[in-house]
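Chain by chain, the residues:
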Amino acid sequence: MRISHIEACRQGIMEEMERNDRIIYIGEDVCVGGPHGFSKGLYEKFGPHRVIDSPISEIGLVGFGIGAALAGLRPIVEIMYMDFLPLAMEQIVNHMAQVRFLTAGQKDLPVVVRTQYSLGRQHGPQHSQFFPSLFTNLPGLNVVVTSTPYNCKGLYKYALRQNKPTIIIDPAWIYYRFVDEVPETDYVVEFGKANVVSRGEDVTLITYGRTVYESIQAVKQLKDRVSVYLVDLQSLRPLDVNTIVEACNHTGRVLIVSEEHPHSSVASYVASLVYEKCYGKLEKPVKALTPPDVHVPFSPQLEREYMITSDKIVKAVLELSSDEVKS
Amino acid sequence: MRITVQHVSSPPRGEYSKLGLDEKKLIDMLKTMITIRVFEEKIEELFLKEGVLMGPAHLYMGSEAIPAGVKHILREGDLVLSHHRGHGHAIMLGIELDKLFAELLGFKEGHLKGLGGSMHLPIDVSKGGLYASAIVGSQVPIAVGVAYGQKYYKLLELPMLRSTTNGNITVVFFGDGAVNTGAFAEGSVMASYLKVPLVMICENNLYAEFTKTPNLFGYEDVVVQRFLAYDITTVIVDGNDPLSVYKALKMYESKLREGEGPVAIIANTYRLKGHGVYDKAAYKPVGEEELFKLRDPITVFADRLIREGVLTHDELNSMVRDTKTAVNTAFEKARAGSPLPLEELSKYV
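Because the structure is predicted, anything quoted here is derived from the model rather than measured.

Caption draft 1: Expanded view of the overall build of chain A. Counting secondary structure elements, chain A contains 12 helices and 14 strands. Counting only C-alpha atoms and orienting by the principal axes, one finds that chain A spans roughly 65 × 40 × 40 Å. A buried classification covers 56% of the 327 residues belonging to chain A. The long-range fraction of contacts in chain A, counting pairs at least 24 apart against all pairs at least 6 apart in sequence, stands at 80%.

Caption draft 2: Focus on helix α12 (residues 310-320) of chain A. All names here are of chain A. Within the sequence span of α12, burial applies to I313, V314, A316, V317 and L320. Projection of α12 onto a plane perpendicular to its axis shows the buried side chains occupying an angular sector of 170 degrees, all on one side. Residues of α12 that are buried in the fold lie against β10 (203-207), α8 (211-221), β11 (228-232), β13 (254-257) and β14 (287-289).

Caption draft 3: Focus on the sheet that holds strand β7 (residues 166-171) of chain A. Residues and elements named next belong to chain A. The 7 strands lie next to each other as β3-β2-β4-β5-β7-β6-β12, forming an open sheet whose pairing is mixed. Edge strands, defined here as strands with exactly one partner in the open sheet, are β3 (51-53) and β12 (235-237). Averaged over all pairs of adjacent strands, the angle between strand axes in this sheet comes to 20 degrees, irrespective of strand direction. Bridge analysis of strand β4 (residues 74-79) against strand β5 (residues 112-117) gives 4 bridges, and the strand direction is parallel. The residue of β5 that forms the bridge with V77 is V113.

Caption draft 4: Molecular detail of the environment of A:R177. Residues and elements named next belong to chain A. Within the secondary structure, R177 sits in the loop between β7 and β8 (179-181). Overall, the presence of 14 C-beta atoms within 10 Å leaves R177 in the partly exposed class. Sequence separation between R177 and H5 is 172 residues, and the spatial gap between their C-alpha atoms is 7.6 Å.

Caption draft 5: Highlighting the sheet that holds strand β8 (residues 233-238) of chain B. Residue and element names in this part refer to chain B. Read across the sheet, 7 strands follow the order β1-β8-β9-β5-β4-β2-β3 without closing on themselves; strand pairing throughout is parallel. In this open sheet, the two edge strands, each paired with only one partner strand, are β1 (5-8) and β3 (129-133). With direction set aside, neighbouring strand axes in the sheet form an average angle of 20 degrees.

Caption draft 6: Looking closely at the domain arrangement of chain A. All names here are of chain A. The assigned domain composition of chain A is domain 1 (2-181) and domain 2 (195-321). One C-alpha centre belongs to domain 1, the other to domain 2; they are set 26 Å apart. For the side of domain 1 that touches domain 2, the secondary-structure elements that each account for two or more residues are α6 (133-136), β6 (142-145) and α7 (149-159). By residue number, the principal contributor to the side of domain 1 that touches domain 2 is β6, which donates 4 residues. Considering only residue class, the side of domain 1 that touches domain 2 consists of 14 nonpolar, 11 polar and no charged.

Caption draft 7: Structural detail: the interface of chain A and chain B. Across the contact, 30 residues belong to chain A and 35 residues belong to chain B. Mapped onto the side of chain A that touches chain B, the elements with two or more residues apiece are α3 (58-70), α4 (89-96) and α5 (99-102) of chain A. Sorting elements by how many residues they give to the side of chain A that touches chain B places α3(A) first, with 9 residues. In terms of residue class, the side of chain A that touches chain B is built from 12 nonpolar, 14 polar and 4 charged.

Caption draft 8: Main features of the nonpolar core. Grouped together as the largest cluster of nonpolar side chains are 208 residues, with contacts concentrated most on A:V317, B:I201 and B:I265. Considering each element in turn, this core owes the most residues, 11 residues, to helix α1 (residues 23-48) of chain B. For this core, the domains that each give at least three residues are domain 1 (2-181) and domain 2 (195-321) of chain A.

Caption draft 9: Molecular detail of the pairing of β5(A). Residues and elements named next belong to chain A. Burial analysis of β5 places 5 of its 6 residues in the buried class, the great majority of the element. Pairing of β5 with β7, which is carried by 6 bridges, proceeds in the parallel orientation. By the bridge assignment for β7, R114 is matched with I168.

Caption draft 10: Seen up close, unusual backbone geometry. With an omega dihedral of 0 degrees, the bond running from A:R237 to A:P238 counts as a cis peptide bond. With respect to the secondary-structure elements, A:P238 resides in the loop between β12 and α9 (241-251). Positive phi, normally seen in glycine, also occurs at A:Q234, with a value near 50 degrees. Turning to its location among the elements, A:Q234 is positioned in the loop between β11 and β12. A residue is classified by how many C-beta atoms lie within 10 Å of it, and A:Q234, with 25 of them, is buried. With a phi angle near 55 degrees, B:A281 is a residue other than glycine that sits in the positive phi range. Tracing the sequence through the fold places B:A281 in the loop between β9 (263-268) and α10 (288-294).

Calculation criteria
Residues numbered from 1 in each chain as written. Chains lettered and ligands numbered in written order. Predicted model: local features only at pLDDT ≥ 70, side-chain atom pairs only at ≥ 80, totals over all residues. Helix = DSSP H or I, 4+ residues; strand = E, 2+ residues; numbered from the N terminus. Buried ≥ 20, exposed ≤ 12 C-beta atoms within 10 Å, placed from the backbone. Contact = placed C-beta atoms within 7 Å. Arc of directions from axis to C-beta. Pairing = 2+ DSSP bridges. Axes fitted to C-alpha atoms, helices over the stretch in contact; angles between N-to-C directions. Domains from an automatic or database assignment. Nonpolar A, V, L, I, M, F, W, Y, C, P; charged D, E, K, R; others polar. Core = buried A, V, L, I, M, F, W, Y, C linked by C-beta atoms within 7 Å.

Take a look at the structure:
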């Protein structure tokens, strides 16, 4: 069936809630579907004990999720915008990430904190940010970023079947924009595995999040000129180092595309891994394509310039492959 | 329902049987208090005299009556969340003394394999000790989630963690310092809103680290004012008397187990020592500790039990002697341990 990204997320969650009555869903405005319609229909289907509206209390929300998981439930905690997630930073850093460690393995913590970032939706500096590396720095957390209707459904389903605390980040820009084929049958997308979108020969393009959509467009535009090995990381922690290394060794030319701030990001960590593990095979320095090191501007025109579009990716790929461009 | 603030005083002897108190329970309360005191004195000695223990340790002396009273309200499946000053709770839960010492020494024989240490000591899931936060106040919203789990299992008639019956409760401990944190505020909001079976016990020991909380605000009832804001039924008790603590809980037990919402207990007590084991508490007013020692919870309760004929002087003396022996033996056993190899830590992430 062909469905949108947001519909696929919802399907994944609904199917798992049907399978397992220990899954509950809590967040602000979730009973009426929230501002984007993400949780639409959950309340009608699963009722007030399993789908819970929360006051605007992000510390309370994430703490609640940690506690409910300690008691043996599988809570999904929705944080409406990624920008609100730092309100609960202490709960995430000291408790969510550490429960298993400081209880010496006595307790697993199957809590899922889900959120979205609205870059590209003219939401201004405090409703557009994408900063997964604030969380990937922490041992003990899974951090995944969905990017397609197929992987979002499978990643949500996997998150709800495994036992570690997980942060799932959805790019809201693709919620309704990305429509694709999704299997009718049950499937999961495991954490710790990157998705090889295309196995090209000339340039390796590593990306995650909204820019996967832009990269797919770029690969199409480059079709007869450059053959791109496109890797969607999807799971930022655990990270699929083997697939990254294989992809980089294969072409020797590496472009990392990320809409995070460039400083100390997942992109910079991947670049360091590539230098460490693929140095002898690299034909050119690793190139990172990121927004400028500033906050997200509101101005719709400026925001568009700030973002990584398919045109920018095409240009960067062409530069990297310059001595091999087929005429 | 609008909230009530109620004072509960110590039950007279004639009320014991109505409250379900028998000699065995009374003696166990005293024994719990003595065990906590002797354990803490040993730890203080191991830090300050022998230098065997390292890092922060926040001693529980002075507040022993609170866990002694709480212990006898708990039943199979009830869960406890604690904080950095939690040695008393660990002993209330019945975690073996040698494991506690091994944990404090950082050895793999500790119940947290030396990964948690003093500030997480009351965690032993097999005994109902679910979690302890080293960050002041952060356990409160977590406890709300735990209590919601208990409520949820009751509603859906699912088997509960460590329990085959329903109607379990969660007990969360925190100090008066915690009530000014954001985590406490939001946890209280959630507890009040979700009407969870949660007992919120404030060990009101007068000090938030080095500072007397009421002095910051210029009024005494800071903790009461916080609970009023969140519409949580509040009971004030003498936290130096285990029977008052027990009675307050007993009065609200059915409300809690029936799922009518949270109850706050403000147990007024006193931190006999400094904030941490190395803190000499020079900021305390001269004579304050001595004043509180006059109503030391252990002396007062032991005297009462002797007066009421529950216990003799000789029995009290041998209880103290036996406890000291047990604590020393446990430490000697624990000190033979060793730490985990560093390579094994990834197993616990």
